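The chain contents come next:
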Amino acid sequence: MAKFVCAVDVGTRSARAAFFDAHGNMSAREVAPIHVTVEPDGHGAYHSAEIWSAVCRAVQLARSAAGVEAGDVEAVAFDGTCSLVIMDREGDGLPFGDDGTNTFAWFDRRAVSQAEACTRVGGRTVDLLGGVMSPEMQLPKLMWLRETCPDVWSRFSTALDLPDWLAFRATGAVSRSVSALGAKWPWSSREGWDDVLLDALTLDDLRATPGWATPVRPVGTVAGHLSPKAASEMGLSFGIPVAVGMIDGYAGAMGCRSMAFAADVPDALTLIAGTSASVIALRPDAVSLDGLWGPFRDVPTAGLTSHEGGITNAGALLDHVLTHWPEIGGSKIGHPAVIAEIETHLARRGHAFASDLHVLPDFIGSRGPVGDPRWRGVVHGLRLDSSLSALAALYWRTAVALSISIGDVIDRFGASGLEARAIAATGGLMQSDLIAQLFADVTGRTLILPVGVDAVLLGTAMAGAVAAGWADDMDDAGHRMAPEIRTMEPNPARATDVARDRRVHRLMQKHRAEIAGLQE
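Residues numbered from 1 in each chain as written. Predicted model: local features only at pLDDT ≥ 70, side-chain atom pairs only at ≥ 80, totals over all residues. Heavy atoms only, no water.

Enquirer: Please explain the overall build of the protein as it appears in this structure.
Expert: What the protein contains, in helices and strands, is 18 helices and 25 strands. Computed over its C-alpha atoms, the radius of gyration of the protein comes to 22 Å, within 12% of the 24 Å expected for a compact globule of 520 residues. Reported as C-alpha extents along the three principal axes, the dimensions of the protein are approximately 60 × 60 × 50 Å. Put simply, the protein has 520 residues, and 60% of those count as buried. At a minimum sequence separation of 6, the contacts of the protein that also span at least 24 residues come to 72%. (Helix = DSSP H or I, 4+ residues; strand = E, 2+ residues; numbered from the N terminus. Rg over C-alpha atoms; globule rule 2.2 N^0.38 Å. Buried < 20%, exposed > 50% of the residue type's maximum accessible area, 1.4 Å probe, protein only. Contact = heavy atoms within 4.5 Å.)

Enquirer: Just checking my understanding: could you explain the packing of aromatic side chains for this structure?
Expert: Working definition: an aromatic ring pair is given by the centre-to-centre distance plus the angle between the planes. Scanning the model with the defined rule gives seven aromatic pairs in all. Ring geometry for Phe96 and Phe104: centres 4.2 Å apart, planes at 15°, overall stacked. Judged by its relative accessible area of 0%, Phe104 is buried. Between Trp193 and Trp212, the ring centres sit 4.0 Å apart and the planes meet at 25°, which makes this aromatic pair stacked. Taken together, the residues span a long stretch of sequence, with Trp193 in strand β12 (residues 192-193) and Trp212 in the loop between α9 (204-207) and β13 (216-217) at a distance of 19 residues. Residue classification places Trp193 among the buried residues on the basis of a relative accessible area of 18%. One aromatic cluster is present, formed by Phe96, Phe104 and Trp144 through successive ring pairs. Across from the ring centre of Trp144, 4.7 Å away, lies the NZ or CZ of Arg110, which sits over that ring. Above the plane of the ring of Trp185 lies Arg176, whose end atom (NZ or CZ) is 5.1 Å from the centre. (Phe/Tyr/Trp six-rings, centres within 6.5 Å; stacked < 30°, edge-to-face > 60°. Lys NZ or Arg CZ within 6 Å of the ring centre and 35° of its normal.)

Enquirer: Can you help me understand the nonpolar core in this one?
Expert: As a rule of thumb, nonpolar side chains are buried together in soluble globular proteins. Ranked by internal contacts, the top residues of the largest apolar core, which has 117 residues, are Phe20, Trp52, Phe78, Ile86 and Leu145. The dominant element in this core, judged by the number of residues it contributes, is helix α16 (residues 455-468), at nine residues. Counting residues in each nonpolar core, the second largest holds 57 residues, with Ala273, Ala277, Ile342 and Met430 among its members. (Core = buried A, V, L, I, M, F, W, Y, C linked by side-chain atoms within 4.5 Å.)

Enquirer: Explain the environment of Ser389 here, please?
Expert: With respect to the helices and strands, Ser389 occurs in helix α14 (residues 388-415). For the pair Ser389 and Ala277, spaced 112 residues apart in sequence, the C-alpha to C-alpha distance is 27 Å.

Enquirer: When you look at the sheet that holds strand β24 (residues 446-450) in this model, what are you seeing that I'm missing?
Expert: Hydrogen bonds between backbone atoms are what pair the strands of a sheet, whose relative direction is either parallel or antiparallel. As summarised here, the arrangement of the seven strands in space is β19-β20-β18-β17-β23-β24-β25, forming an open sheet in which the pairing is mixed. Sheet topology places β19 (293-297) and β25 (485-488) at the edges, where each strand pairs with a single neighbour. Neighbour to neighbour, the strand axes of the sheet diverge by 25° on average, direction disregarded. Here α14 sits on the sheet in contact with β17 (269-273), β18 (277-283), β20 (305-311) and β23 (422-426), set at roughly 150° to β20. (Pairing = 2+ DSSP bridges. Axes fitted to C-alpha atoms, helices over the stretch in contact; angles between N-to-C directions.)

Enquirer: Looking at this model, I keep getting lost on the packing of helix α1 (residues 48-66) against helix α6 (residues 162-171). Mind explaining?
Expert: To describe two helices that pack against each other, one gives the angle between their axes and the distance between the axes. Running from amino to carboxyl end, α1 crosses α6 at an angle of 70°, the nearest separation of the two axes being 11 Å. Here α1 is positioned roughly perpendicular relative to α6, judged by the angle of their axes. Taken together, the residues of α6 that come into contact with α1 (itself represented by Ser48, Ile51, Trp52 and Val55) are Leu162, Trp165, Leu166, Arg169 and Ala170. Partitioned by chemical class, the residues of the contact of α1 with α6 number seven nonpolar, one polar and one charged. (Parallel < 35°, antiparallel > 145°, perpendicular 65-115°, else oblique. Nonpolar A, V, L, I, M, F, W, Y, C, P; charged D, E, K, R; others polar.)

Enquirer: Can you walk me through the layout of surface pockets in this structure?
Expert: If a probe the size of a water molecule is rolled over the atoms, the empty space left behind becomes visible. Of the pockets and cavities examined, the second largest pocket occupies roughly 410 Å³. In terms of lining, the second largest pocket is formed by 16 residues, of which the most central are Trp375, Arg376, Arg512, Ala513 and Ala516. Take the lining of the second largest pocket: its biggest share by element is ten residues, from helix α18 (residues 495-519). (1 Å grid on protein atoms, 1.4 Å probe; cavity = no way out; pocket = protein on both sides within 12 Å on 5 of 7 lines; lining within 4 Å. Points joined across faces, edges and corners; volume = space filled by probe spheres on them.)

Enquirer: Help me understand the sheet that holds strand β7 (residues 84-88), please; the structure alone is not making it clear to me.
Expert: Spatial strand order, β4-β5-β8-β7-β9: five strands in an open sheet with antiparallel pairing. Two strands close off the open sheet at either side, each with one partner strand: β4 (37-38) and β9 (156-161). Here β4 runs beside strand β5 (residues 44-46); their pairing, made up of two bridges, is antiparallel. Within β5, the residue paired with Val38 across the bridge is Gly44. Across the face of the sheet, helix α4 (residues 138-148) comes into contact with β7, β8 (103-104) and β9 while running at roughly 45° to β7. Across the sheet, α6 lies against β7 and β9, angled at about 110° from β9, the strand it touches most.

Enquirer: Would you mind going over empty space enclosed by the protein with me for this structure?
Expert: All told, the structure shown has six cavities of 30 Å³ or more when counted by the stated rule. When its volume is computed, the largest cavity comes out at roughly 100 Å³. Contributing to the lining of the largest cavity are 15 residues, with Thr125, Leu129, Lys184, Trp185 and Pro186 lying nearest its centre. Of the residues assigned to the lining of the largest cavity, the class counts are ten nonpolar, three polar and two charged.

Enquirer: What am I meant to see in the pattern of salt bridges here?
Expert: Enumeration over the complete set of coordinates arrives at 25 salt bridges. With a closest N to O distance of 3.9 Å, Glu191 and Arg124 form a salt bridge. Of the two residues, Glu191 is situated in the loop between β11 (187-188) and β12 and Arg124 in helix α3 (residues 124-128); the sequence distance between them amounts to 67 residues. Look at Glu191 and you get exposed, because its relative accessible area is 55%. (Salt bridge = Lys/Arg side-chain N within 4 Å of Asp/Glu carboxyl O.)

The following block contains the structure:
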């Protein structure tokens, strides 16, 4: 009888679940939506109970679709965004929003001034973030909570990154993962908490909270065992191990590393291109990065350092283009239809299509290689036209801008000594061959793509395999569960167009900076 691990990936707007066997074969992947409250001032928040309901729904759907018996599932593993669940002294969600939300979305940027305060202090943690504390990080969000909601703060016990909260919700045992703590908090596996930063920010009351001393555990170890209540809600057997999980980007990086093993290119960069886009280099040795994040030690697995760069809005920006475009023929246009329209125009005109339209995609600030949360997007060359052709032009040139931004990040990796001839890539943007080929052309690297498997869920399943005793560690699981792959080569005929677009991109960045200087 085949045995399985259950992998759950909680993204920005949905939970995904699938079952994997010991060889990395994935069953039907099922999805359940999650509501996120988004406000124009950069606020984003969830109800943690709604996230858990979506998780349970996705697992139930996946098990039904795959025909997997509950008794054949030997472990559960979660990954999730670095959203932050606020908890009270009883372990319940502690609402801080007027609508009862109790979880900061990973992209929430209300704590810009608090992040700037961290940057002014500087030191070890800020250096690891390219010299600029991002408001996406957890410490600024907690500082905002303390300063803005003192009544909530008086009842605050602890805050868990979403994957750690999911493990807590599944087991009743509170712990933190090295993945979350090492990449999103002022903490390292070698040196512990950055007390210099915490002292300078007078955060003694944070260190005095009951949850501060929560145990920190490596990815793939056992966080606890599935409780009877959670087992009933998920449709699984109680008592099976629940793995210490990961931030979703690192789950994707480990799944991509498994793909790189299959391609025999173990030093490939990894690209997780979904709602946001992250480039992660996983190496035995650490290097110093200029303008990017890291090195973070032991974050996805012991013995590896991770170096990270990326952009906050990727697929989310393409969603935004579609959402805010007027209806055409009485209905909204979806991604497949607009991509088909782009392909038609490219077949007729080549890459002269919309070549006079240019976009800077930093609509909610820049994460890297220049970290500035106050940057905003720019569109140059937009016509007074709301046709499908005009939508296709804006969508395509936004995708070009996203690929250039990722190309800039990859160039910065190379300048820091982390050059790679290939990129193992996954995520929603890579579902389109048109967009994947664009990324290959702009970066000038071979893309390694998965066949028949969601690489983010695969990385999470690898943690489940370690917890189930199927593998010794994450890399062992990556070799054992390596998926079928395909590759995509850059088109050399596109080199001139790419070089022109990148020159325009840099010129627009310069002009934006000049305009910002006039407004100071």
